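So the chains spell out like this:
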Amino acid sequence: MPIDAARALAAEPRQGEIAWDHKDIQLYHLGLGAGRPATDPDELRYTLESKLHVLPSFATVAGAGMAMMGGLAAPGIEVNLAHVLHGGQSIELHRPIPVKGSATSSAKVAALYDKGKAAVIVLRTEVADADGPLWTSDAQIFVRGEGGFGGERGPSVSSELPERAPDRIEERHIREEQALLYRLSGDWNPLHADPEFAKLAGFDRPILHGLCSYGMTLKAVVDTALGGDVSRVRAYRTRFAGIVFPGETLRIRMWEEPGQVRVAVSAVERDDAPVLADTVVEHA
């Protein structure tokens, strides 16, 4: 059934209550590879409750994915989940995320773009607690075979990287079991754990979650270019350009500019195959 853009965009936001505490934060950080070396003071900020700060990309798992599934169930959208790909992700921070909190999450279809043979659905989630707005996140969902409904093509997010050499290059190894640990933060897609399911999807073996690469990249930027200060992050956006497998290594190239760090991420073992593109961390 074709997407009914007008109906989807007019639908009321889906609201729900979410809550988290230090255990959710620690589990998320461990799923990103935090805690190596385990006694490193810089890593204890991610793993020890008495020193804990919150990496802003935690916003993508708070509430265990309610926004994405709620958005794809919106009126006017009937899609085959086998044709769904996570095309991009952005987060805008209104203030630092507390270690323990409860909030209201409001999710809606913010935009629908017609790419001809595919559709792009922008699912927006706004989260606020008793003290006001916390964050706004947009998930760009690419749906194969659902274009042609007559909508706008939408903006191009592609941008050229600086022609100079990167200011920093960091490498982050992905542990063999890392996807299994990251799943515990709420993304239970068997593509990231079940070899047989992965083969049905066209992969030799399970792949790492795109949002895990997203979080690992932000951690690398915070730990190096931002001096370990998560509160400096104002916004973070990326386009998922390719896959990476557990056991491989992310190469994270950074270009530092006034108020932002531009980033490109690739898989070292596969000749620097792109993983994240058009990636920017805006900061104070």
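For every chain, the first residue of the written sequence is number 1, and numbering continues from 1 along that sequence. Thresholds applied to this predicted model are a pLDDT of at least 70 for local features of residues and 80 or more for the giving and counting of side-chain atom pairs; totals over whole chains, interfaces and linings are not thresholded and use all residues. Derived side-chain values reflect all non-hydrogen atoms in the structure, with water molecules and hydrogen atoms excluded from consideration.

Draft legend 1. Layout of the overall build of the protein. Comment: elements are numbered from the N terminus, with helices defined as DSSP H or I runs of at least four residues and strands as E runs of at least two. Along the protein, the regular secondary structure elements total seven helices and ten strands. The globule rule used here is 2.2 Å times the number of residues to the 0.38 power, and the radius of gyration it is set against is calculated over C-alpha atoms. Relative to the compact-globule value of 19 Å for 284 residues, the protein shows a C-alpha radius of gyration of 18 Å, a close match. Overall, the protein is about 55 × 50 × 40 Å in size when its C-alpha atoms are taken along their principal axes. Here the protein holds 284 residues, and 49% of them are scored as buried. Any two residues whose heavy atoms approach within 4.5 Å at even a single point are treated as in contact. Within the protein, contacts between residues at least 6 apart in sequence are counted, and of these 72% link residues at least 24 apart. Each accessible area is a Shrake-Rupley result for a 1.4 Å probe, and residues are judged covered by the shown protein chains and nothing else. When the accessible surface of the protein is totalled, it reaches about 13300 Å², and 52% of it is carbon and sulfur. We score Asp and Glu as negative and Lys and Arg as positive, and we do not count His or the chain ends. Positions of charges follow a simple convention, taking NZ of Lys, CZ of Arg, CG of Asp or CD of Glu. If the 30 positive side-chain charges of the protein are averaged to one point and the 39 negative ones to another, these points end up 1 Å apart. In this scheme, a residue with accessible area under 20% of its type's maximum is buried, one over 50% is exposed, and one in between is partly exposed, where area comes from a 1.4 Å probe on protein chains only.

Draft legend 2. View of helix 2 (residues 22-31). Among all positions in helix 2, only Ile25, Gln26, Tyr28, His29 and Gly31 are buried. Directly beyond the C-terminal end of helix 2, a positive phi value near 100° is found at Gly33.

Draft legend 3. Layout of the nonpolar core. Within the largest apolar cluster, 50 residues are counted, with the highest numbers of intra-cluster contacts made by Trp20, Phe58, Ile97, Trp135, Val221, Val222 and Leu250. At eight residues, the largest contribution of residues to this core is made by helix 7 (residues 210-224). Ignoring anything within four residues of it in the chain, the contact list for Trp20 reads Ile25, Phe58, Ile97, Pro98, Val99, Lys100, Gly101, Ser102, Ala103, Leu134 and Trp135. Only buried Ala, Val, Leu, Ile, Met, Phe, Trp, Tyr and Cys residues count toward a nonpolar core, and they belong to the same one when joined by side-chain atoms within 4.5 Å. Membership of the second largest hydrophobic core comes to 16 residues, among which are Ile3, Ala8, Leu112 and Ala119.

Draft legend 4. Representation of the sheet that holds strand 4 (residues 118-129) in the model. Paired strands, as defined in this entry, are two strands with at least two bridges between them according to DSSP. In space, the ten strands of this open sheet follow the order 1-3-4-5-2-7-10-9-8-6, with antiparallel pairing throughout. Lying at the two open borders of the sheet, with one neighbouring strand each, are strand 1 (14-20) and strand 6 (168-173). With direction set aside, neighbouring strand axes in the sheet form an average angle of 20°. With twelve bridges connecting them, strand 4 and strand 5 (residues 132-144) associate as antiparallel partners. Bridging from a neighbouring strand, Leu123 pairs with Ala139 of strand 5. Axis lines are fitted to C-alpha atoms, over the contacting stretch for helices. Their N-to-C directions set the angle, which ranges from 0 to 180 degrees. Against the sheet, helix 7 contacts strand 2 (84-93), strand 6, strand 7 (233-240), strand 8 (249-257), strand 9 (260-267) and strand 10 (273-283), and its axis sits at roughly 140° relative to strand 7.

Draft legend 5. Up close: unusual backbone geometry. Following Arg36, the chain continues into Pro37 via a peptide bond in cis, with omega recorded as -5°. For Pro37, the location among the structural elements is in the loop between helix 2 and helix 3 (41-47). Positive phi, close to 55°, is recorded for Asp271, a residue that is not glycine. Position of Asp271 among the secondary structure elements: in the loop between strand 9 and strand 10. Backbone geometry at Asp278 places phi at a positive 50°, although glycine is not the residue there. Inspection of the secondary structure puts Asp278 in strand 10.

Draft legend 6. View of the side chain of Asp114. Looking at the element boundaries, Asp114 is found in strand 3 (residues 101-114). Arg153 provides the closest opposite charge to the buried, salt-bridge-free Asp114, at an N-O distance of 6.1 Å. From its side chain, Asp114 meets the backbone nitrogen of Gly116 in a polar contact 2.9 Å long. Beyond its immediate sequence surroundings of up to four residues, Asp114 is in contact with Gly147, Gly148, Phe149, Gly150, Gly151, Glu152 and Arg153. In the sections that follow, a salt bridge refers to a side-chain nitrogen of Lys or Arg positioned within 4 Å of a carboxyl oxygen of Asp or Glu. By the criterion applied in these results, polar contacts are pairs of N or O atoms within 3.5 Å in which, for protein atoms, one can donate a hydrogen and the other can accept it, and in which residues neighboring in sequence qualify only through two side-chain atoms.

Draft legend 7. Quick look at the side chain of His53. As for its position among the elements, His53 is in the loop between helix 3 and helix 4 (66-72). On the basis of relative accessible area, His53 is assigned to the buried category, the value being 14%. The contacts of His53, once residues within four sequence positions are left out, are Ile25, His29, Arg45, Tyr46, Gly228 and Val230.

Draft legend 8. Fine view of helix 7. Its 15 residues give helix 7 an end-to-end C-alpha distance of 22 Å, which sits within 8% of 21 Å, the value for a rise of 1.5 Å per residue. Within helix 7, 13 of the 15 residues are buried, which leaves the element mostly enclosed by the surrounding structure. A helix is expected to span 1.5 Å multiplied by its residue count minus one.

Draft legend 9. Quick look at the pairing of strand 2. Sheet analysis places strand 2 next to strand 5, joined by nine bridges and oriented antiparallel. Opposite Gln89, over in strand 5, you have Ala139 as the bridge partner.

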